[in-house]
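Spelled out from the first residue to the last, the chains are:
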Amino acid sequence: MHIMPQIKPITIYRLAWRNLAQKPFRTTCLIIMTLLFSASLFGGSILTKNLNDGIAGMANRLGADILIVPYGYEKELEVALLRGEPSTFYLKADLAQKIEKIKGITAVSSQLFIASLSAGCCTSKLQLIGFEQSTDFVISPWMKQQLTARLHDNEVVVGSKILADVGDEITFFNHRFRVAAKMDSTGMGFDTSVFMTMDAAYNLMKTADLLSGDVDHIRNYVSSIFIRVDHDYQPKAIVNQIMQKYAVEYNLDFVMTKVMISDIYKWLNSFSVIVYTLAAIFWLLAIVVIFIVYSSTINERKREVGILRILGASRSMLVKMLFIESFIISVIGAIIGIIFATIVLCAFSMLICQSLGLPCINASFSSAITYGLIVFILTLIIAPLASSYSVLSITRTDSYQAYREGE
Amino acid sequence: MNRFLSSAFVILIGLLVILVPTYILPVCPPTEIMANSHDHHITYKFMKCHWTSQAEIGIGTAMVVIGLILLLIKSTLIRLGLNISLVVIAMFVAAVPTILIGVCPSEMMACHIGTLPALLLLSGILFIGILVNIFYLKRLS
Amino acid sequence: MLLEVKNIRKQYQRQTLFCAVDNVSFSLQQRDYACIMGRSGSGKTTLLNIIAGISTPTQGRIIIDNTDIAPFDDEQASQFRNQTIGYVPQGSSLLTNLTAMENICLPYYLYSKNKQPDNIECCNKRAQQLMQMAEISHLSEIYPNQMSGGEMRRVAIVRALICSPKLLLADEPTNDLDDESSRQIMQLFSGLHSQGTTILLVTHDHEVANYASKHFKMEAGKLTDYS
């Protein structure tokens, strides 16, 4: 006797699955359409969120309202702040004392930038920065652990991306320094900077022969002056005052952090508009393509649906079967798209942020889940919505006619 | 069709393994050092990642060759054997920039944030693709 | 009385009003083997569809096994069709993405109460018996695109029988089959009839009609008693 294999009951769900498996090419194409949407929306919105968080973090902790730099160097300062691309420029130091007296200014602190040469294998240039410990209000908010004592001249504070831990020794221009503290991740240029006392910085410049010309009076120079303004005063007004008094004498330029940050936000806004427009286009495109593909197979499907009607399937069963089918496409497209975007973001987020030249903070797990859920739901809608017209017109027709028309 | 597809897949990944560290997401360029001022001879100092890229060129070439052989040979068993060898090669693609040679440790370097994740991704994609193909070939034989 | 067809009329609105089935009445007893003869286009298939509850008549009533399906909603009518009527449609009516065995068991599993383990075994057993009777046991794992026309038709007949219907309807069961396959199919019907199944065939082939014990003739929508 012939031994029959035991088969699993054919349910409506399995029928839908078989229908998809039967046409792997068509199914793959439809999944790719939905995947384009879910990947672009998820990847784009998480990237926007990362940039937004990075900039917000920077805006919150960057205590300075005005930065003074030598004339023509404001771009260099922005680049040094945002990306940590090393640069060197100088300004007479006595300006700081003069400015302090202006009404509305609550704090003034100078910094000296030294562009380091690459030191050893596999290290790129770092920004070496000398800062005034007594007046500093720029670096301290970012410190991971508070310094217990004043920084010695042979000690440094390093940014979060510098490969050295507290207690390690690192060498610049043949000077050895001990790492006294490490900073939090700032997402900006500070991450790749090394901070030392002003004295250490002057010393380094002198002995390393970094400056030509007025070497003896090197202590009279700083690179930039950070200013904090009282809440009741407008930074703009303060800038005007300084300009009138000292611009000619000192040849100054200004960076107002609010303006700088609002410029970045403007850029970020247009970036997010592009992201969401693209996602919206993909969403519509997916709906249109799936609508067309489904409409073009109406006749083919009528035959199949007609047979099922004859065998006793009710109309609601058939509607269910066809919707489950398109639902599966959406679910697979959503899951693969989100996983794909996650992998790409995890792998290349640092590269993306560095090439954009903007600070980034990786989105938290919970916000990633929230975004994922929203994208998932929006993707789920696609295929059932696009196929609803076809599903209804397939199942509405007088059933036997449906079978005959499909012949 | 599947023979064509699997070989095209291997050749494509092989080409990417060659192109990623050299052109697409290149490793750090060598630093110039004037070694000898008499004959104006410039010597270059290469970082770790340079040697990784050299090794990946070799591995990528091997993959392209295996991909071409896969295109020409019909025997399921030979194809199965070649695919199994590709599993090891996929591991090498990932092992070279991580444990065997490595890339620059600094998180600011191009090789660390660009080349390394790209190679790991390629290795993962190749690994999954090859496993699927092995599964398919085993069912055939 | 198993089947009562009372004054059935079916009209279509095309360019003109077209009457496919015109005031047809007849009845079948349990264990009848009836055949409706007629040329193509005479309204046979439409009549069969109305009996099966797939098309709704413009006028008239169908009573099967003392049940009038007219007041049923789609859900009830479908379930009634599933359990009371076996229908072998014209042409190849197998679902191409299911094997013969899956095609055969499909109607059984459409209603959820049939998915208990006992029922699955029962269905498998019945499918095996029916396939043996139809001599298609060797096809159980085969997909329709690898079957001949006669094999497909026999699978469709077995599928129509899986829910033990009270009434078996068949639309041109031997159409486009060679003589040998036709004879096998007709023998299968005769065997089923001798086991007690009530059968209603529709055909234009006299040879096929000879197997039946009760004959009707259909012409331009009108049915006449023939035997």
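Per chain, the residues get numbers from 1 upward, laid out in the order the sequence is written. Written order determines the labels here, with chains lettered from A and ligands numbered from 1. Reporting in this predicted model follows two pLDDT cut-offs: at least 70 for local features of residues, and 80 or more for side-chain atom pairs to be given and counted; totals over whole chains, interfaces and linings ignore these cut-offs and use all residues. Hydrogens and water are ignored here; the side-chain numbers use all heavy atoms of the structure.

Further remarks concern the overall build of chain C. Counting secondary structure elements, chain C contains seven helices and ten strands. This radius of gyration counts C-alpha atoms alone. The globule rule is 2.2 Å times how many residues there are, raised to the power 0.38. Here the C-alpha radius of gyration of chain C, 17 Å, is about what a compact globule of 227 residues would show, namely 17 Å. Summarising its shape, the C-alpha atoms of chain C cover approximately 50 × 40 × 35 Å along the three principal directions. Type-normalised accessible area, obtained with a 1.4 Å probe on protein chains alone, sets the label of each residue: buried when under 20%, exposed when over 50%, and partly exposed for intermediate values. When the 227 residues of chain C are sorted by exposure, 57% land in the buried category. Look at the contacts in chain C between residues 6 or more apart in sequence, and 71% of them connect residues 24 or more apart. Under the convention used here, a 1.4 Å probe and the Shrake-Rupley method define accessible areas, while residue burial counts only the protein chains that appear. About 9,800 Å² of surface is accessible on chain C, with carbon and sulfur atoms providing 44% of the total. Here Asp and Glu are counted as negative and Lys and Arg as positive; His is not counted, and neither are the chain ends. Working definition for charges: the position is that of NZ of Lys, CZ of Arg, CG of Asp or CD of Glu. Side chains of chain C give 21 positive and 24 negative charges; the mean places of these two sets differ by 6 Å. Put simply, DSSP H or I for four residues or longer makes a helix, DSSP E for two residues or longer makes a strand, and each gets a number counted from the N terminus. What makes two residues a contact is simply this: any of their non-hydrogen atoms within 4.5 Å.

Let's shift gears to the nonpolar core. Grouped together as the largest cluster of nonpolar side chains are 89 residues, with contacts concentrated most on Leu15, Leu51, Met183, Phe190, Phe195 and Leu308 of chain A together with Leu106 of chain C. Per-element accounting of this core gives the leading share, 13 residues, to helix H7 (residues 257–296) of chain A. For the domains described, the bounds stem from an automatic or database domain assignment. When we break this core down by domain, the ones giving at least three residues each are domain 1 (12–57 + 264–405) and domain 2 (72–250) of chain A. If we skip the residues at most four places from it in the chain, leucine 308 of chain A touches Leu15, Ala313, Leu318 and Met321 of chain A together with Leu95 and Leu106 of chain C. We call a set of buried Ala, Val, Leu, Ile, Met, Phe, Trp, Tyr and Cys residues a nonpolar core when their side-chain atoms join them within 4.5 Å.

A few words now on the UniProt feature "transmembrane region" (unreviewed entry) in chain B. Residue and element names in this part refer to chain B. Here, UniProt's "transmembrane region" (unreviewed entry) annotation points to residues 50–73, 80–103 and 115–137. The annotated region residues 50–73 carries 96% helix and 0% strand content, and the separation between its end C-alpha atoms amounts to 35 Å. Helix makes up 88% of residues 80–103 and strand 0%, with an end-to-end C-alpha separation of 33 Å. UniProt positions are given in the numbering used here, feature names are shortened, and annotations may be inferred rather than shown by experiment.

Residue and element names in this part refer to chain A. Only one rule defines a salt bridge in this text: a Lys or Arg side-chain nitrogen within 4 Å of an Asp or Glu carboxyl oxygen. Within this structure, the stated rule accounts for 20 salt bridges over all chains. Put simply, aspartate 263 and lysine 266 hold a salt bridge, and the shortest N to O gap is 3.9 Å. Taken together, the residues span about one helical turn, with aspartate 263 and lysine 266 both in helix H7 at a distance of three residues. We classify aspartate 263 as partly exposed; its relative accessible area is 41%. Connected via shared salt-bridge partners are Arg26, Arg301, Glu304 and Glu325.

Listed by partner, the interface residues are 15 residues for chain B and 15 residues for chain A. Here chain B and chain A share an interface that buries about 1,500 Å² over both sides, 76% of which is from carbon and sulfur atoms. In this structure, the connection of chain B to chain A is made through zero salt bridges. Polar contact is defined as a pair of N or O atoms within 3.5 Å, subject to the rule that within protein one atom must be able to donate a hydrogen and the other to accept it, and that residues adjacent in sequence are counted only when both atoms are side-chain atoms. At the junction of chain B with chain A, the criterion picks out zero residue pairs in polar contact (both at pLDDT 80 or more). Top element by residues in the side of chain B that touches chain A is helix H4 (residues 110–140) of chain B. It accounts for five residues. Two parts placed together each lose some accessible area under a 1.4 Å probe, and adding up what both lose gives the buried area.

What follows is about the sheet that holds strand E10 (residues 222–225) of chain C. Residues and elements named next belong to chain C. Being paired, for any two strands, means DSSP has found at least two bridges between them. Spatial strand order, E6-E7-E8-E3-E9-E10: six strands in an open sheet with mixed pairing. Lying at the two open borders of the sheet, with one neighbouring strand each, are strand E6 (85–88) and E10. Within the sheet, the average angular offset between the axes of one strand and its neighbour, ignoring direction, is 20°. Two elements, strand E7 (residues 167–171) and strand E8 (residues 198–203), share five bridges in a ladder whose sense is parallel. Residue pairing for E8: alanine 170 is matched across the bridge by leucine 201. Axis angles are defined between N-to-C directions and span 0 to 180 degrees, where every axis is a line fitted to C-alpha atoms and, for a helix, only to the segment in contact. Across the face of the sheet, helix H1 (residues 44–52) comes into contact with strand E3 (33–37), E6, E7, E8 and strand E9 (214–219) while running at roughly 155° to E7. Packed on one face of the sheet, helix H5 (residues 149–161) meets E6 and E7 and runs near 170° to E6.

Unusually for a residue other than glycine, asparagine 251 of chain A sits at a positive phi of about 55°. For asparagine 251 of chain A, a relative accessible area of 45% puts it in the partly exposed group. Although it is not a glycine, asparagine 23 of chain C sits at a positive phi angle of roughly 50°. On the secondary structure map, asparagine 23 of chain C appears in strand E2 (residues 17–28). For asparagine 23 of chain C, a relative accessible area of 42% translates into the label partly exposed.

With that settled, the discussion passes to the interface of chain C and chain A. You'll often see interface size given as the accessible area lost when the parts meet. Between chain C and chain A, the residue contacts involve 44 residues of the former and 34 residues of the latter. Summing the contributions of chain C and of chain A, the shared interface buries around 3,400 Å²; its carbon and sulfur component is 57%. For chain C, the biggest contributors to the area lost against chain A are Ile54, Asn97 and Leu110 of chain C; these three give 17% of the whole. Linking chain C with chain A are two salt bridges, by the criterion used here. Of the charged contacts in the structure, one is a salt bridge between arginine 18 of chain A and glutamate 102 of chain C, with a shortest N-O distance of 2.5 Å. The interface formed by chain C and chain A holds twelve residue pairs in polar contact (both at pLDDT 80 or more) in total. Sorting the residues of the side of chain C that touches chain A by element identifies strand E1 (3–13), H1, helix H2 (74–84), helix H3 (100–109) and helix H4 (117–133) of chain C as the ones contributing at least two each.

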